[in-house]
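# Examination of the molecular architecture
The residues making up each chain are set out below.
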Amino acid sequence: MKGPLGFNADDLMQETLAMQRKLMEGLKLLPQVEDVDYGATAREEVWRDGKVVLYRFVGENAPVRRTPLLIVYALVNRPYMVDLQADRSLVQKLLALGQDVYVLDWGYPDRSERYQTLEDYLLRYIDGAVDALRARSGGTVDMLGICQGGVFALCYAALRRQKLGNLITMVTPVDFQTADNMLSHWAQQVDVDLLVDTLGNIPADLMNASYLMLKPFRLNVQKYVGLLDILDDKAALEDFLRMEKWIFDSPDLAGEAFREFIKQFYQGNGLVNGTVRIGEEAVDLSQVTLPVLNIYAEQDHLVPPDASRAMRGRLGTEDYTESSFRGGHIGIYVSGRAQREVPATIDNWLKERTP
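Residues numbered from 1 in each chain as written. Predicted model: local features only at pLDDT ≥ 70, side-chain atom pairs only at ≥ 80, totals over all residues. Heavy atoms only, no water.

The cut-off we apply is this: UniProt positions are given in the numbering used here, feature names are shortened, and annotations may be inferred rather than shown by experiment.
Labelled according to an unreviewed UniProt entry, the protein chain appears under the name Poly(3-hydroxyalkanoate) polymerase subunit PhaC, originating from Stenotrophomonas indicatrix. Taken verbatim from the UniProt record of the protein chain, the Pathway (unreviewed entry) comment is "Biopolymer metabolism; poly-(R)-3-hydroxybutanoate biosynthesis."

See below:
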C-alpha cells in the first residue's frame, strides 16, 4: 500500500537497488571514456592577426551560396558551441544547406592584450576578417553575430554597413537593463574601474563563477545529480563531458575591452540611449540599413527575450525579421528542436535576399 507521499518501503528499496546498479555500471564505464573534444567540422585557416584567426569550415560538398557567412561569437567562451559535435552542430547544418561558413576565433588573451579595446576587436579584427573575405569572394559578407558577438555585429553594421550584405543576430541583447536581467543587475553594481585596475585581464574562472551563480541550484547541484542517471550510458556521458569541457575552457578577457563593454552597454545601456562609441566613432543603430534577422530564445536567462526584442524599431532597415525558438541560451544551438529549425530559418531567410 502506498503511503501519503505516493511510495512505500518497497519503492525506496527498488530505487536504491537501481541506483546501485547504475553506480556499478558507471565505475566500469568511466575508464572506457576517452578525452572528449568539441569542434566536429574540418576547418582551414584563411586569415590571421596575432592570436585572432579566421577559419573556413570545410563541408562534404562545395557551398552553393557565393556570399560568405561570418560567425562572430562572444569573447567570454570559445566559439565552438556552434560546432559542438557531429549531431549537434549549427555549422554542419548550415554547410549541408549550401552556406559558405567562417568563424572568428579570438584565441586566449594574455597580459600582452591587457590594453586591447573594443575598437581593436571591431575595427581591427572584425574589419580585417571582413576585408579578407571580401577579397576572397569579390562582394559583401553576411554576418551572424551570437550573444556579445551579436552586439559587436550590430555596432559593426552601424559603422561599416557598406561591407555587409545581411545581418543575423542570435540571443543578442539590445536593452541591457530589462527588469528580468539578473546579470545586468549585478553588472550595474560593479566598480569596473577598480576591478580592471586591480586584476588587469578578467579571469575566466571569475566569469564562469558569476554565470553559474545566476542559477546556483540548477547549474551547481541539479545537473550533477542528474549525471547519476546517465552513468551507464557512454554516449550520454560523453555528451555531458563535452559540454562541461566547453563551459570551463573559457578565455580570460582583455581588461580594457571588458571595462568599456560593462560601462557602455550594461551600466550606460548605450544601444538604447545612443551613447556607444567605438574609438572615436559613435554607434547609431539607425545606420543599420541592411536586412536583419533577429533570433532569440524564449527561455534565455542570460539574454531575456525583452532584451533582444528591443532591437525592433531602433534600426534603420525596413527589412527586419524576428524569430523566436523554444530553449535557453545554449539550447538554441544544440537542442534537437533547434537543430531542425534554426539552420533552416537562417538559410531560407538568406536565400530570399541574396543568391
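### Remarks on the overall build of the protein chain
As a reminder, the rule being used: Each helix corresponds to a stretch of at least 4 residues labelled H or I by DSSP, and each strand to a stretch of at least 2 residues labelled E; elements are numbered beginning at the N terminus. Residue exposure (1.4 Å probe, protein chains only): buried if accessible area is under 20% of the type maximum, exposed if over 50%, otherwise partly exposed. Two residues form a contact once any of their heavy atoms are found within 4.5 Å. To be clear on the numbers: accessible area is Shrake-Rupley with a 1.4 Å probe, and residue cover counts the displayed protein chains and nothing else.
Within the protein chain one finds 14 helices and 10 strands. Classification of the 355 residues of the protein chain by burial places 52% in the buried group. Taking the intrachain contacts of the protein chain between residues at least 6 apart in sequence as the baseline, contacts between residues at least 24 apart amount to 79%. In the structure as shown, the protein chain presents an accessible area of about 16200 Å², 52% of it carried by carbon and sulfur atoms.

### A few points about the pattern of salt bridges
Pairing between side chains of opposite charge can happen when their charged atoms approach one another. What counts here: In what follows, salt bridge is the name for a side-chain nitrogen of Lys or Arg lying within 4 Å of a carboxyl oxygen of Asp or Glu.
For the structure on display, the rule yields 21 salt bridges. The salt bridge partner of Glu256 is Arg114, with a shortest N-O separation of 2.8 Å. Taken together, the positions of Glu256 in helix 10 (residues 255-267) and Arg114 in the loop between strand 4 (100-105) and helix 3 (118-137) put the pair 142 residues apart, joining distant regions of the chain. Comparing Glu256 with Arg114, the two get one shared label, buried. Asp197 is the salt-bridge partner of Arg259, the closest N and O atoms lying 2.9 Å from each other. With a gap of 62 residues between them, Arg259 in helix 10 and Asp197 in helix 6 (residues 192-199) connect regions that are remote in the sequence. Residue Asp197 is classed as exposed on the basis of its relative accessible area of 54%. What emerges from the salt-bridge pattern is a single network uniting Arg114, Asp193, Asp197, Glu256, Arg259 and Lys263.

### Digging into a nonpolar patch on the surface
Selection criterion: A residue counts toward a patch only above 30% relative accessible area and without a salt bridge, and it is joined to like-charged neighbours within 9 Å or, for Val, Leu, Ile, Met, Phe, Trp and Tyr, to nonpolar neighbours within 5 Å.
Together, Met182, Trp186 and Met213 make up an exposed nonpolar region whose accessible area comes to about 280 Å². Looking at the element boundaries, Trp186 is found in helix 5 (residues 182-188). What makes Trp186 partly exposed here is its relative accessible area of 36%.

### Quick look at the sheet that holds strand 6 (residues 164-170)
Condition: Here, a strand pair is defined by DSSP locating no fewer than two bridges between the strands. In this analysis, axes come from line fits to C-alpha atoms, helices being fitted only over the stretch in contact, and the angle between any two N-to-C directions falls in the range 0 to 180 degrees.
Read across the open sheet, the eight strands follow the order 1-2-4-3-5-6-9-10; overall the sheet is mixed. The open sheet has two edge strands, strand 1 (43-49) and strand 10 (320-325), and neither has a second partner. For this sheet the average axis-to-axis angle between neighbouring strands, irrespective of direction, equals 20°. As defined by bridge partners, strand 3 (residues 68-72) adjoins strand 5 (residues 141-146) across four bridges and the pair is classed as parallel. Among the inter-strand pairings, Leu69 is bridged to a residue of strand 5, identified as Asp142. Contacts from helix 4 (residues 148-159) reach strand 3, strand 5 and strand 6, with the element oriented near 140° to strand 5. Along the sheet face, helix 14 (residues 336-351) touches strand 3, strand 5, strand 6, strand 9 (292-297) and strand 10 and points at about 155° away from the line of strand 6.

### Considerations on the packing of helix 3 against helix 4
What counts here: Roughly parallel here means an angle under 35 degrees, roughly antiparallel means over 145, roughly perpendicular means 65 to 115, and every remaining angle is called oblique. Amino acids are sorted into nonpolar (Ala, Val, Leu, Ile, Met, Phe, Trp, Tyr, Cys and Pro), charged (Asp, Glu, Lys and Arg) and polar (every other residue, Gly among them).
Across the interface, helix 3 lies against helix 4 with an axial gap of 11 Å and an inter-helix angle of 75°. The orientation of helix 3 with respect to helix 4, classified from their angle, is roughly perpendicular. Residue-level inspection shows Leu118, Tyr121, Leu122, Leu123, Ile126, Asp127 and Val130 of helix 3 in contact with helix 4, the latter providing Phe152, Cys155, Tyr156 and Leu159. In the contact of helix 3 with helix 4, the residues fall into 10 nonpolar, no polar and one charged.

### Things to note about the packing of aromatic side chains
The way to describe two aromatic rings as a pair is by their centre distance and the angle between their planes. Defined as follows: Here is the rule: rings of Phe, Tyr and Trp (six-membered ring for Trp) pair when centre to centre is within 6.5 Å. Planes less than 30 degrees apart are stacked, more than 60 are edge-to-face, and the remainder are tilted. A ring is considered to have a charge above it if a Lys NZ or an Arg CZ atom is located within 6 Å of its centre and within 35 degrees of its normal.
Under the counting rule described, the total for this entry stands at nine aromatic pairs. Site record: aromatic cluster; members linked through ring pairs are Trp106, Tyr121, Tyr125, Phe152, Phe176, Phe261, Phe265 and Tyr266. The ring of Tyr55 carries the charged tip of Arg43 above its face, separated from the ring centre by 4.1 Å. Over the face of the ring belonging to Tyr115 we find Arg114, whose NZ or CZ atom lies 4.4 Å from the ring centre.

### Let's talk about the side chain of Asp142
Basically, it comes down to this: Within 3.5 Å is the distance limit for a polar contact, defined as a pair of N or O atoms, with the added protein rule that one can donate a hydrogen and the other accept it, and that residues adjacent in sequence qualify only through two side-chain atoms.
Within the secondary structure, Asp142 sits in strand 5. There is a polar contact of 3.0 Å between the side chain of Asp142 and the backbone nitrogen of Asn166.

### Quick word on helix 3
Applicable threshold: Expected span of a helix, by definition, is 1.5 Å for each gap between consecutive residues, and there is one gap fewer than residues. Two axes define the bend at a residue: one fitted to the seven residues ending there, one fitted to the seven starting there, and the bend is the angle between them.
With 20 residues, helix 3 ought to run about 28 Å at 1.5 Å a step, and its terminal C-alpha atoms sit 27 Å apart, in line with that. The sharpest bend along helix 3 reaches about 30° and sits at Asp127. Every buried residue of helix 3 is listed here: Leu118, Tyr121, Leu122, Leu123, Tyr125, Ile126, Asp127, Gly128, Ala129, Val130, Ala132 and Leu133.

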